Amino acid sequence: MNDQLALAADRRESVQIRVRGRVQGVGFRPTVWRHARDCALDGEVLNDGEGVLIRVRGSSDGVERFIARLRAAPPPLADIAAIEVTTYGGSLDRGFRIAESAQSAACTDISPDAAICAACTEEVLDPFARRYRYPFTNCTHCGPRLTIVRSVPYDRVATTMAPFPLCEDCAREYGDPADRRFHAEPIACHLCGPRARLIRFDGRAISAEQHSMLDDVDAAMSLIQKGEIVAVKALGGYQLACDATKAETVARLRELKRRDAKPFALMARDTDVIRRYCSVSPQEEEALRSPAAPIVLLEAAGPERLPEGVAPGLRTLGFMLPPTPLHVLMFRRMKRPAVMTSGNRSDEPQVIDDREAGETLSAIAPYALIHNRAIANRVDDSVARWIGGQLRLLRRARGHAPASIPLPQGFEEAPEILAYGPQMKATFCLLKDGRAVLSQHQGDLDDAATWCDYLKNLELFRTLFGHAPQALACDMHPEYLSTKLAVERSKAEGLPLVQAQHHHAHLAACLAENGRPLDAPAVLGIALDGLGYGIDGTIWGGEFLLFDYRSFERLGTFKPVAMPGGARASREPWRNLYAHLMAEMGWAQFAMSFDGLGLFQKLSCKPRATLDAMIRSDTNCPLASSCGRLFDAVAASLDICFEHQAYEGEAAARLEAIACRKTLAEEGDRLAYPLTIPNLRGSGLPYIEPLGMWNAILGDLILDTDVSVIAARFHKGLAKAIVAMALKLADRGEEGAAVPRFDTVALSGGCFQNRILLEETIRRLEASDFKVLTHAAVPANDGGVALGQAAIAAARLIDNKILRRQGA
Ligand code: ZN
Ligand code: ZN
Ligand code: FE
């Protein structure tokens, strides 16, 4: 040993290392243990309310190496927010030990549920392994988390695994820092863990024929293959499963579930099965195989086709790979895809309770594959789609929630805030320590069961994250249940309330997700969605806002058009079509030019006099500048979803699905429908005027142009008009200002889930030298609004604090 090394080894030091972020329940302590042993350090590691706390003593060289390793090689599911090192004055025993969790108020990240890892998959399929065919196999790198947790710190007793004491073998694995299962809280085996059982809801025994299968899990899939519908108690809720290739079974499931047209989710054993029905890019495959294992919307293309009833009118299929050992074992011998839809009736939330499953699902499925581990929290499957070179989450739930999102620079001083979110596709958001925790997808709050679940989850997250909000945030819509609750709580608890405008919140979420600093210059936000409450008391839904986190200025909009019947107009596309045509040309002109159209006949049959009276007298007929309703109207004109939409966005989704790819690929704008940008009378606000487009569509219909070509021309024209508006507002037109008003454009709102619209808009904006910000980790739809509300509230409260400080 040379002298210098000997000297360094002699210089011993003690430090305390605080690790923050998602560091509990992800195998952090054993990793620390291994690194510490490799670096010859004494000391201890423990979980506490702030994350992981490490105290080590050793050579300064060893300590340095240890910290470097901690940064470079954390466990796969960890997400380190910060590592803080301070000197430690206390004493430490020889050797390195993993200490018990400290009981204190928690505020560290709870990790999302993770799909079964490769090592566990191998084990459950290995006839010689102890966990062969054990459906609840997991380890530190995979398995349930949010779905089973009831409180913190995240230990077995705080989860629904509490009633299952570890057997000797499992206890040994749990206690061995060298084992993959060291301190994996939900571990179990055939001997000590939960069990799966196939039952008949009516209580009758299952015939011997099915018992000749490998086990109950295998028997469940045999039933499915025979054309039965089986309820499956899965990770975050019950599912309903049936053979996706059997048109008649799929139709029966649809009817019993009272689900008109909403696409069913699918599951397949592997990507080879999926490729028979869909094209799967390497990026899409990566998403399917990721620990989050979301449903990925894939282009339906392949040698085989699934029955139309799986995803009526769409060209995408939502596939996922088996996320749990239960699913892996079910699908082991299944060479076809199965429908794996949420276990519920129509729009209710997914059932998680066994008794409720018996009550509501027995009418749909005679059989159920159940087990005796409770589901603590309902967590739906996440949905993602690859659009414009990025994987974009459309529904953020299993595998993603409640992973926190770091807030951009400038938000360090933000107080703890609770944002209650919107009404539809609701999520809520907690702000704490410069990070945002967005809840899993809750659903539409007007459903009573969803509302109860939302209230329960608000409490759960408060506990899990030790959250004590100093301010609240919500939408401006007075009728949203989330708004009413926020107003009530703000009064009851004496907390300041920030009401954020819906589209401003959409766009602020986009900024936050993209890490745009608090004090960055304002950008143009384009928020296109269904409906949101505007600051002028009218309904907005196609807005061009110059904005930052604090405030916004409305620079442009879509044409405000009446919605005859109010909420009914959102469900019945023909109402929007009628209102659009009346606003543009009136009935007389429409009849004169287009009475040869089938469309004319269909609209003639409607109660026009009533609608006209509503529009004229302005009763139950609000004006809305909505892009979503424009999509509805165009879809209706092509006889797509004319009468009613079975789910939000159905008309737009179908319109996207039929759009002719060849027309879209055509260079130049020759085929784009013309939309112009005049100014509104009164306010002078520039708006997108679709009159030219309507004349062209109706003209194309007269010429018997294929509806797929019309749909493509509409998408092109719309994207072109959106970008023309951006250019106009930037003052970069022909005689534009030397310095444009903004160089960055943020896109948000549910309409941007449309692949064609988003890709075309991005392409055109980038061609005009704009920097474009879009959603990926947070949904563009209302699922992202809560994050925006929280960011807006934080920005304003930080300002107040600074003002107060300056005033003092
Ligand atoms: Zn594993
Ligand atoms: Zn065991
Ligand atoms: Fe919205």
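Just so it is clear, the model here is predicted, and its values are computed rather than measured. (Residues numbered from 1 in each chain as written. Chains lettered and ligands numbered in written order. Predicted model: local features only at pLDDT ≥ 70, side-chain atom pairs only at ≥ 80, totals over all residues. Heavy atoms only, no water.)

1. Some points on the coordination of the zinc ion (ligand 1)
Reference values for coordination geometry: four tetrahedral donors around a metal ideally subtend 109.5 degrees, six octahedral donors ideally subtend 90 or 180 degrees.
For step 1, the next point in the chain: At this site the zinc ion (ligand 1) is bound by C117 (SG), C120 (SG), C139 (SG) and C142 (SG), with donor distances of 2.3 Å.
For step 2, the next point in the chain: Bound by four donor atoms, the zinc ion (ligand 1) shows angles of 104 to 118 degrees at the metal and therefore tetrahedral coordination geometry.
For step 3, the next point in the chain: Between consecutive donor residues of the zinc ion (ligand 1), the sequence gaps follow C-x2-C-x18-C-x2-C. In this pair, the class of C139 matches that of C142, namely buried. (Donors = N, O, S within 2.8 Å, 3.2 Å for Na, K, Ca; no water. Tetrahedral: all angles 85-135°; square planar, octahedral: opposite > 155°, others 65-115°. Buried < 20%, exposed > 50% of the residue type's maximum accessible area, 1.4 Å probe, protein only.)

2. Regarding the UniProt feature "active site" (unreviewed entry) in the protein
For step 1, the next point in the chain: The UniProt record annotates "active site" (unreviewed entry) at R29 and N47. With the annotated positions falling across 19 residues, the maximum pairwise C-alpha distance of 8.0 Å places them together in a single cluster.
For step 2, the next point in the chain: Examined against the element boundaries, R29 turns out to sit in helix α2 (residues 28-38).
For step 3, the next point in the chain: Since its relative accessible area comes to 6%, R29 is described here as buried.
For step 4, the next point in the chain: Locating N47 in the fold gives a position in strand β2 (residues 42-48). (UniProt positions renumbered as here; feature names shortened; annotations may be inferred. Helix = DSSP H or I, 4+ residues; strand = E, 2+ residues; numbered from the N terminus.)

3. Things to note about the environment of P406
For step 1, the next point in the chain: Mapped onto the elements of the fold, P406 is located in strand β16 (residues 404-406).
For step 2, the next point in the chain: Look at P406 and you get partly exposed, because its relative accessible area is 48%.
For step 3, the next point in the chain: The spatial distance from the C-alpha of P406 to the C-alpha of E173 is 34 Å, given a sequence separation of 233 residues.
For step 4, the next point in the chain: Setting aside anything within four residues of it in sequence, one finds P406 in contact with G434, R435 and A512. (Contact = heavy atoms within 4.5 Å.)

4. What about the coordination of the zinc ion (ligand 2)?
For step 1, the next point in the chain: Coordination of the zinc ion (ligand 2) by the protein is provided by C167 (SG), C170 (SG), C189 (SG) and C192 (SG), with metal-donor distances spanning 2.2 to 2.3 Å.
For step 2, the next point in the chain: Classification of the site at the zinc ion (ligand 2) as tetrahedral follows from its four donor atoms and the range of 102 to 118 degrees in their angles at the metal.
For step 3, the next point in the chain: Sequence positions of the donors to the zinc ion (ligand 2) reduce to the motif C-x2-C-x18-C-x2-C. Here C170, found in helix α5 (residues 168-175), pairs with C192, found in the loop between α5 and β6 (196-200); they are 22 residues apart in sequence, far enough to count as distant.

5. Some details on unusual backbone geometry
For step 1, the next point in the chain: The residue after V152, namely P153, is reached through a cis peptide bond having omega 0 degrees.
For step 2, the next point in the chain: Here the residue pair A401 and P402 is connected by a cis peptide bond, since its omega of 0 degrees sits within 30 degrees of zero.
For step 3, the next point in the chain: Its place among the elements puts P402 in the loop between β15 (390-395) and β16.
For step 4, the next point in the chain: Phi is positive for K425, which is not a glycine, with a value near 45 degrees.
For step 5, the next point in the chain: Structurally, K425 can be placed in the loop between β17 (417-419) and β18 (429-432).
For step 6, the next point in the chain: Even without a glycine there, the phi angle at N620 is positive, about 45 degrees.
For step 7, the next point in the chain: With respect to the secondary-structure elements, N620 resides in the loop between α20 (608-617) and β26 (623-626).

6. Topic: the sheet that holds strand β1 (residues 12-22)
For step 1, the next point in the chain: If you trace the five strands from one edge of the open sheet to the other, you get β4-β1-β3-β2-β5, paired in mixed fashion. The sheet is open, and its two edges are formed by β4 (79-87) and β5 (96-98), each paired on a single side. Each strand of the sheet is rotated relative to its neighbour by a mean of 15 degrees, with strand direction disregarded.
For step 2, the next point in the chain: Helix-sheet contacts for α2 involve β1, β2, β3 (51-59), β4 and β5, and the interaxial angle to β5 is about 175 degrees. (Pairing = 2+ DSSP bridges. Axes fitted to C-alpha atoms, helices over the stretch in contact; angles between N-to-C directions.)

7. Notes on helix α7 (residues 216-225)
For step 1, the next point in the chain: For α7, the buried fraction is high: nine of the ten residues fall into the buried class.
For step 2, the next point in the chain: Within α7, the full set of buried residues consists of D216, V217, D218, A219, A220, M221, S222, L223 and I224.
For step 3, the next point in the chain: Between a side-chain oxygen at the N-terminus of α7 and the backbone nitrogen of V217 the separation is 3.2 Å; the capping residue is D215.
For step 4, the next point in the chain: In the stretch just after α7, G227 is the one whose phi turns positive, near 100 degrees. (Polar contact = N/O pair within 3.5 Å; in protein donor to acceptor, adjacent residues only side chain to side chain.)

8. Focus on the state of the cysteines
For step 1, the next point in the chain: Enumeration over the complete set of coordinates arrives at zero disulfides.
For step 2, the next point in the chain: Note on C242: no disulfide assigned, nearest cysteine sulfur contributed by C278 at a separation of 16 Å.
For step 3, the next point in the chain: With no disulfide of its own, C751 has C627 as its nearest cysteine by sulfur position, at a separation of 3.8 Å. (Disulfide = S-S within 2.5 Å.)

9. Describing the pairing of strand β8 (residues 238-243)
For step 1, the next point in the chain: Most of β8 is tucked away: six of the six residues are buried.
For step 2, the next point in the chain: Where strand β7 (residues 230-233) lies against β8, four bridges are found, and the strand directions are antiparallel. Residue V230 lies in a different strand from β8, and its bridge partner there is A241.
For step 3, the next point in the chain: Connecting β7 to the next strand, β8, in antiparallel fashion are four residues.

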